[in-house]
Amino acid sequence: MTDYMKTYESWVNSDFFDEDTKAELKSIAGDEKEIKERFYSELEFGTAGLRGIIGAGTNRMNIYVVARATQGLANYIISKHGQERGVAIAFDCRHFSPEFADIAARVLAANGIKAYRFESLRPTPELSFAVRHLGCIAGINVTASHNPPEYNGYKVYWEDGAQITPPNDIGIMLEVRKLSIEDAKIISLEEAKEKGLYQIIGQEVDDAYIAELKKLVIHQDTIDEYAKDITVVYSPLHGTGNIPARRILAELGFTNVYVVPEQELPDGDFPTVDYPNPEAKEAFALALKLAEEKNADLVLATDPDADRLGVYVKDTASGEYKCLTGNMSGSLLAEYEISQIQATRGLPKDGRLIKTIVTTNLAACIAEHYGVKMEECLTGFKFIGQKMLSYEHSGVGTYLFGFEESYGCLIGTHARDKDAIVATMALCEAATYYKSLGKTLWDALIDMYNRYGYWVDDITTITMKGVDGVEKIKSIMSLLRKDIPHEIAGYEVLAVRDYDTDIVKNLKTGAETPTFLPKSNVLYFELENGFWLCVRPSGTEPKIKFYFGVKGTSLENAKELSASFAAQVEELITKLVNA
């Protein structure tokens, strides 16, 4: 009998597991492929925590896997003598999110660690804020972000409010790996509350979070004068953003805010979208329909855990709603925030703009224009949070703005993760500011391109599910390392950054230098004309991603170059997949 079949049989026959779990597993008896998928490995606790399909099995998201992960976290917290400080816990609208949050809280309580659990669903950025606001040693967020409905996840945050990074992520992973499913301690809800180790939180943290956002408004004067002339359509995509996004806009004075009614209420099935991702144009179908009816100036959608924001803005000249990529909206907000900080109070001498390595190089132009330093980090907003922490510890560096191409940004330092609620607020504020100048947000974006150059960035993603998919992704990365291409899409490769080996190799001279970033399974090809291509397996989904960027002589030219480049990248991908 195979190892995975033995594990399956042990779950079916053990008294440790509840009857619902065993019934679910008995229903797949005889389906060896499904049994293998559920039991061929353990759902790995990685640098982003856990994320997987909900269901019974070692390779699925369920109360037993969550309890084991939380026991590992508890053991690590105790080893760092942080148990007196407690852990904040938030959850989203997904199936079993409240149950997973409750199990995590009760495991912590069983280990003498106080859990501060939100009363109902809250956005990711508020969890990040709550960790520092409550003085916690760590935080847990039960969410699978924008994944399909069958997924859920478990993210761990450390005391700085950012997702765990080295050495804490490694330390927690090692503690989790020491444990079996049966090793988790757990007590009842009643006992945890009696011991004062299970506290429900809500409004007090909500109020403090909203108060911090209001401090970040630069031009309340233009909001007061022009908010009545700005119409906003907003969708929470069935997720956590509805209440906080509407609250902050209402309290600032935006009265013409229309929420997509079909997507207003939380629903873990996400019934109106195939994929609850604001990157997907299909997710905006209902919002754009409402925008046409209301003649909206901008159309916004937050993903289920409200850390990422999708944006459409109206071009009044053509009457069209223009889709902004994460690079476009992030750059627009970076330009607005930095320019207006400079105009109203002056920029600090050590100001910093942070972006990830796969984010547009337009950011470098913005930083240079305003005389601030741009810093790069690995993909994942936790690395931006890590930079922010380093500024605090060293006293050198003042955070101004940080963003990544995947629709995530952060204004202010109240949180250490991307925040779609503050981005919603800032974009609406920016709309009133540009309105005061007789411009739309689209006009402001075109002004930015005219100033800095016409950069267009895109991504091609290949999904490869299951055991075979994991192996194929490994094979693609291996092939690219073994046989480094000297040209891609007709453009010469000038240098290759291999973040796994920490080497940047100049292909002309052969010279090698360090990347100066942590080890990561990523390849970055620097091409002629400022073009670039980056290949990276996803850390949260069964996908491999090909990011790229080009620069043209006009926006239309840049889009044409990007389309041509994308087509040739597709050919490269086909060769790699079939190799």
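This report concerns the structure included in the present document. Computed from a predicted structure; not experimentally measured. (Residues numbered from 1 in each chain as written. Predicted model: local features only at pLDDT ≥ 70, side-chain atom pairs only at ≥ 80, totals over all residues. Heavy atoms only, no water.)

### Some words on the pattern of salt bridges
Note the threshold: Within this document, salt bridges are pairs made up of a side-chain nitrogen of Lys or Arg and a carboxyl oxygen of Asp or Glu, the two lying within 4 Å of each other. Whether a residue is buried, partly exposed or exposed follows from its accessible area with a 1.4 Å probe, protein chains only, as a fraction of its type maximum: under 20%, in between, or over 50%, in that order. Starting at the N terminus, helices and strands are each numbered in turn, a helix being any DSSP run of H or I of at least four residues and a strand any DSSP run of E of at least two.
Within this structure, the stated rule accounts for 38 salt bridges. Linking K228 and D229 is a salt bridge whose minimum nitrogen-to-oxygen distance equals 3.8 Å. By relative accessible area, K228 is classed as exposed at 54%. Overall, D229 belongs to the partly exposed group, its relative accessible area being 35%. Of the charged contacts, one joins R247 and E251 as a salt bridge, the two residues approaching to 2.8 Å between their closest N and O atoms. On the criterion of helical spacing, the pair formed by R247 and E251 is a turn pair, its members being four residues apart in helix α11 (residues 242-252). We classify E251 as partly exposed; its relative accessible area is 38%.

### Regarding unusual backbone geometry
For the bond running from P166 to P167, omega is 0°, close enough to zero to count as cis. Among the structural elements, P167 can be located in the loop between β5 (151-158) and α7 (168-177). In the Ramachandran plot, F96 falls in the positive-phi region, its phi being about 70° despite a non-glycine side chain. Tracing the sequence through the fold places F96 in the loop between β2 (87-91) and α5 (97-110).

### Notes on the sheet that holds strand β1 (residues 50-53)
Quick note on the threshold: Two strands form a pair only when DSSP identifies at least two bridges running between them. Axis lines are fitted to C-alpha atoms, over the contacting stretch for helices. Their N-to-C directions set the angle, which ranges from 0 to 180 degrees. Contacts are assigned to residue pairs that have any heavy atoms within 4.5 Å of one another.
The mixed open sheet is built from six strands, whose spatial order is β1-β5-β4-β2-β3-β6. Of all the strands in the sheet, just β1 and β6 (198-201) have a single pairing partner and so form its edges. Taken pair by pair, the neighbouring strands of this sheet meet at an average axis angle of 15°, ignoring direction. Direction of pairing for β2 relative to strand β4 (residues 138-142): parallel, over a ladder of five bridges. Each bridged residue has a counterpart across the sheet, and for I89 the counterpart in β4 is I140. Together, β1, β2, β4 and β5 form the strand contacts of helix α4 (residues 63-79), whose direction differs from that of β5 by roughly 5°.

### Notes on the sheet that holds strand β8 (residues 257-259)
Spatially, the five strands line up as an open sheet ordered β8-β7-β9-β10-β11, and their pairing is mixed. Taken across any chain shown, the strands that pair with only one partner, and hence form the sheet edges, are β8 and β11 (320-324). Within this sheet the neighbouring strands show an average axis-to-axis angle of 20°, counted without direction. As defined by bridge partners, strand β7 (residues 232-235) adjoins strand β9 (residues 298-302) across four bridges and the pair is classed as parallel. Within the sheet, the bridge partner assigned to Y234 lies in β9 and is L300. Those strands touched by helix α13 (residues 326-344) are β10 (309-315) and β11, and its axis lies near 90° from that of β11.

### Some remarks on the environment of L333
Of note, L333 is situated in helix α13. According to the relative accessible area criterion, L333 is buried, its value standing at 3%. In contact with L333, not counting residues within four places along its chain, are F401, C409, I411, A423, A426 and L427.

### Some thoughts on the environment of F100
One can find F100 in helix α5. Its relative accessible area of 1% is what places F100 among the buried residues. Separated by 25 residues in the primary sequence, F100 and P125 have C-alpha atoms spaced 19 Å apart. In contact with F100, not counting residues within four places along its chain, are M61, N62, I63, V66, V142 and N152.

### Comments concerning helix α15 (residues 381-394)
Inclusion rule: Expected helix span is computed as 1.5 Å times (number of residues minus one).
Its 14 residues give α15 an end-to-end C-alpha distance of 20 Å, which sits within 8% of 20 Å, the value for a rise of 1.5 Å per residue. Within the sequence span of α15, burial applies to F381, K382, F383, I384, G385, K387, M388 and Y391. In this structure, the buried side of α15 is in contact with β12 (351-356), β13 (373-377), β14 (398-404) and β15 (408-410). Looking one or two residues beyond α15, the residue adopting positive phi is G395, at roughly 75°.

### Thoughts on the layout of surface pockets
Applied cut-off: Put plainly, a pocket is an open set of points on a 1 Å grid over the protein atoms alone with protein on both sides within 12 Å along at least five of seven lines, a cavity is a set where a 1.4 Å probe fits but cannot get out, and a lining residue has an atom within 4 Å of a point. Grid points are joined across faces, edges and corners, and a volume is the space filled by probe spheres set on the points.
Of the volumes computed, that of the second largest pocket is approximately 320 Å³. Residue lining of the second largest pocket: 14 residues in total, with P485, E487, I488, L572 and K575 positioned closest to the centre. Ranked by residues supplied to the lining of the second largest pocket, first place goes to helix α19 (residues 555-578) with five residues.

### With respect to empty space enclosed by the protein
Inspection of every chain in the model, using the stated rule, returns two cavities of 30 Å³ or more. The space that makes up the largest cavity amounts to roughly 70 Å³. Lining of the largest cavity is provided by E42, L43, F45, L50, T58, V65, R68, A69, V176 and I181. In this structure, the second largest cavity encloses a volume near 60 Å³. Secondary-structure elements contributing two or more residues to the lining of the second largest cavity are β10, α13, β15 and α16 (420-436).

### Looking at the nonpolar core
The line we're drawing: Only buried residues count toward a nonpolar core, which is a set of Ala, Val, Leu, Ile, Met, Phe, Trp, Tyr and Cys residues joined through side-chain atoms within 4.5 Å.
Counting residues in hydrophobic clusters, the biggest one holds 106 residues, and the most contacted among them are L298 and F565. In terms of residues, this core owes the most to one element, α16, which gives 12 residues. Those residues in contact with L298, other than ones at most four positions away along the chain, are I230, T231, V232, V233, Y312, V313, L427, C428, A431 and L441. Counting residues in hydrophobic clusters, the runner-up holds 54 residues, among them L25, I35, V66 and L73.

### Examining the packing of aromatic side chains
Remark: the centre distance and the inter-plane angle together describe each pair of aromatic rings, the angle taken between the planes. Formally: Think of it this way: a Phe, Tyr or Trp ring, Trp meaning its six-membered ring, pairs with another when their centres are within 6.5 Å, and the plane angle makes it stacked under 30 degrees, edge-to-face over 60, tilted otherwise. We call a charge positioned above a ring when the Lys NZ or Arg CZ atom is no farther than 6 Å from the ring centre and deviates by at most 35 degrees from the ring normal.
Scanning all chains against the criterion turns up 22 aromatic pairs. Aromatic side chains F548 and F565 sit 5.1 Å apart centroid to centroid with 35° between the ring planes, which places their arrangement in the tilted category. Of this pair, F548 sits in strand β23 (residues 543-552) while F565 sits in helix α19, and the two are 17 residues apart along the sequence. Owing to a relative accessible area of 0%, F548 belongs among the buried residues under this scheme. A relative accessible area of 1% places F565 in the buried class. Grouping aromatic residues by their ring pairs yields a cluster made of Y8, W11, F16, F17, F39 and Y64. In this structure, R352 is placed above the aromatic ring of Y391, and the distance from its NZ or CZ to the ring centre is 5.9 Å.

Function-wise, these values are silent; they only describe arrangement.
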